[in-house]
Amino acid sequence: MINRKIEAHSAIIIANIIFGLGVPVTKLLLDEWVTPMGYMLLRCLGAALIFWAISLFLPKEHIEKKDLLLIMLGGLLGIVISQSLTAWALVYTTPVYFSLIATLTPVATMLMSAAFLKEKISGKKTIGVMIGMAGALLMVYMGWIGGSGTNDLLGIVLTILSLLTWVIYLLVTRKVSQKYTAVTQMKWIFLVSTLAILPFAMPEINQQKLFTTDWAWSGIIEMTFIVVFATVMGYFAIPFAMRYLSATTVSIYTNLQPVVASLVAIWIGQDLLTWDKPLAGILILLSAYIVTKKE
């Protein structure tokens with residue numbers, strides 16, 4: 001079991017580094033090659049094909065009907081809604097703001113656990129939540145008075161909604177993640193996600209520059225990275241980790257994402273390093289530390 005926990009921690013660390021890289025790559029795709037719904041269709045369809053292909057070489061796993069419905073609900077929450085909101089958020093705000101807000105995931109997980117699982121919140125954790133909210137409000141204010149995105153305020157709101165939906169996904173799929181393999185879960189999650197997104201993406205199919213004569217290998221490479229690494233590898237690691245770790249522990253590692261995403265985004269010129277970003281980052285990381293630290 002100890003070895004499995006080490007593997008679970010390693011898997012979720014790698015997944016969040018990949019997710020961190022995926023944020024600026026997604027921004028590149030949305031700025032030049034695909035629309036948000038086109039991006040989601042390619043991502044879900046590619047992942048579904050890969051997971052179903054992998055499942056052909058693995059022992060068949062029987063899923064109870066109620067668990068299958070729960071897995072599909074997880075797909076609608078964690079992929080269709082949460083990741084679509086992510087795509088739209090990155091149209092309006094920068095990878096740095098997006099990633100900093102994402103570090104509130106442990107705080108949101110705690111609040112959701114209190115609301116739905118009736119877990120108690122101590123005074124210390126309340127202080128942690130308030131510090132995290134201060135960091136988030138600082139970014140909202142700076143985005144409102146003039147951030148570097150096209151509409152940072154809207155982008156930050158969409159990011160918060162994406163984060164909340166993602167936390168609900170973690171809580172909803174916690175039990176089934178312990179019963180079934182990652183491939184079994186993901187093949188159904190991405191199948192139902194593809195079918196759900198298809199009606200919204202099809203009207204935009206002619207708007208995807210990646211499918212025209214103006215396509216370039218850079219766009220193909222970026223989309224391949226998102227499908228193979230930021231989706232298949234990342235979403236394989238999450239249910240595996242959740243078999244041995246709590247949802248809160250899994251959410252803590254989200255704090256790796258802004259470090260990776262911010263460094264890459266600033267390096268490639270997608271964002272500027274302004275005074276509010278490090279300060280907001282410190283407040284939010286301190287909040288996550290207080291909330292997740294054992295009494």
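Residues numbered from 1 in each chain as written. Predicted model: local features only at pLDDT ≥ 70, side-chain atom pairs only at ≥ 80, totals over all residues. Heavy atoms only, no water.

Some remarks on a nonpolar patch on the surface
Then step 1. Together, Ile14, Val228, Phe229 and Met233 line one region of the surface with nonpolar side chains, adding up to about 320 Å² of accessible area.
Then step 2. Mapped onto the elements, methionine 233 comes out in helix α10 (residues 217–242). (Patch = residues over 30% accessible without salt bridge, like charges linked within 9 Å, V, L, I, M, F, W, Y side chains within 5 Å. Areas by Shrake-Rupley, 256 points an atom, 1.4 Å probe, with all protein chains shown as cover. Salt bridge = Lys/Arg side-chain N within 4 Å of Asp/Glu carboxyl O. Helix = DSSP H or I, 4+ residues; strand = E, 2+ residues; numbered from the N terminus.)

So, the nonpolar core
Then step 1. Grouped together as the largest cluster of nonpolar side chains are 59 residues, with contacts concentrated most on Leu29, Tyr39, Phe190, Ile226, Tyr235 and Ile238.
Then step 2. Looking at this core, the elements with two or more residues in it are α1 (2–32), α2 (36–55), α3 (65–92), α7 (152–172), α9 (182–201) and α10.
Then step 3. Looking at this core element by element, the count peaks at 12 residues for α10.
Then step 4. Apart from residues lying up to four places away in sequence, isoleucine 226 is in contact with Gly22, Val25, Thr26, Leu29, Tyr39, Arg43 and Thr231.
Then step 5. In terms of nonpolar packing, the next biggest core, distinct from the first, is built from 8 residues, Ile101, Leu104, Ala108 and Met112 among them. (Core = buried A, V, L, I, M, F, W, Y, C linked by side-chain atoms within 4.5 Å. Buried < 20%, exposed > 50% of the residue type's maximum accessible area, 1.4 Å probe, protein only. Contact = heavy atoms within 4.5 Å.)

Some thoughts on the packing of α9 against α10
Then step 1. At a closest axis distance of 9 Å, the pairing of α9 and α10 adopts a crossing angle of 125°. One finds that α9 runs oblique with respect to α10. Of the two elements, α9 crosses α10, and the hand of that crossing is right-handed. On the side of α9, the interface is formed by Ala182, Val183, Gln185, Met186 and Phe190, while α10 contributes Thr231, Tyr235, Phe236, Pro239 and Phe240. (Axes fitted to C-alpha atoms, helices over the stretch in contact; angles between N-to-C directions. Parallel < 35°, antiparallel > 145°, perpendicular 65-115°, else oblique. Left-handed = near helix turned anticlockwise from the far one by under 90°.)

Considerations on α7
Then step 1. Between the first and last C-alpha of α7 there are 30 Å, a value that for 21 residues agrees with the 30 Å anticipated at 1.5 Å per step.
Then step 2. Those residues of α7 not exposed but buried are Asp152, Gly155, Ile156, Leu158, Thr159, Ser162, Leu163, Thr165, Trp166, Val167, Tyr169 and Leu170. (Expected span 1.5 Å × (residues − 1).)

What about the pattern of salt bridges?
Pairing is possible between side chains that carry opposite charge, provided their charged atoms lie close to one another.
Then step 1. For the coordinates displayed, the defined rule picks out 4 salt bridges.
Then step 2. Aspartate 31 is the salt-bridge partner of lysine 27, the closest N and O atoms lying 3.9 Å from each other. With lysine 27 and aspartate 31 both in helix α1 and 4 residues apart, this pair spans about one turn of that helix.
Then step 3. Residue class for aspartate 31 comes out exposed when judged on its relative accessible area of 53%.
Then step 4. Linking glutamate 32 and lysine 209 is a salt bridge whose minimum nitrogen-to-oxygen distance equals 4.0 Å. Remark: lysine 209 occurs in the loop between α9 and α10 and glutamate 32 occurs in helix α1; sequence separation between them is 177 residues.
Then step 5. Overall, the relative accessible area of 42% leaves glutamate 32 in the partly exposed class.
Then step 6. A network of salt bridges, in which partner residues are shared, links Glu64, Asp67 and Lys179.

Some thoughts on the packing of aromatic side chains
Then step 1. Following the criterion strictly, the structure yields 5 aromatic pairs and no others.
Then step 2. Judged by centre distance (5.1 Å) and plane angle (75°), the ring pair of tryptophan 52 and tryptophan 188 falls under edge-to-face. Note that tryptophan 52 is positioned in helix α2 and tryptophan 188 in helix α9, a separation of 136 residues in sequence.
Then step 3. On the basis of an interplanar angle of 35° and a centroid distance of 4.9 Å, the ring pair of tryptophan 166 and tyrosine 169 is categorised as tilted. Placement of the pair is tryptophan 166 and tyrosine 169 together in helix α7, with a separation of 3 residues, close to one helical turn. Accessibility classification places tryptophan 166 together with tyrosine 169 in one group, the buried group. (Phe/Tyr/Trp six-rings, centres within 6.5 Å; stacked < 30°, edge-to-face > 60°.)

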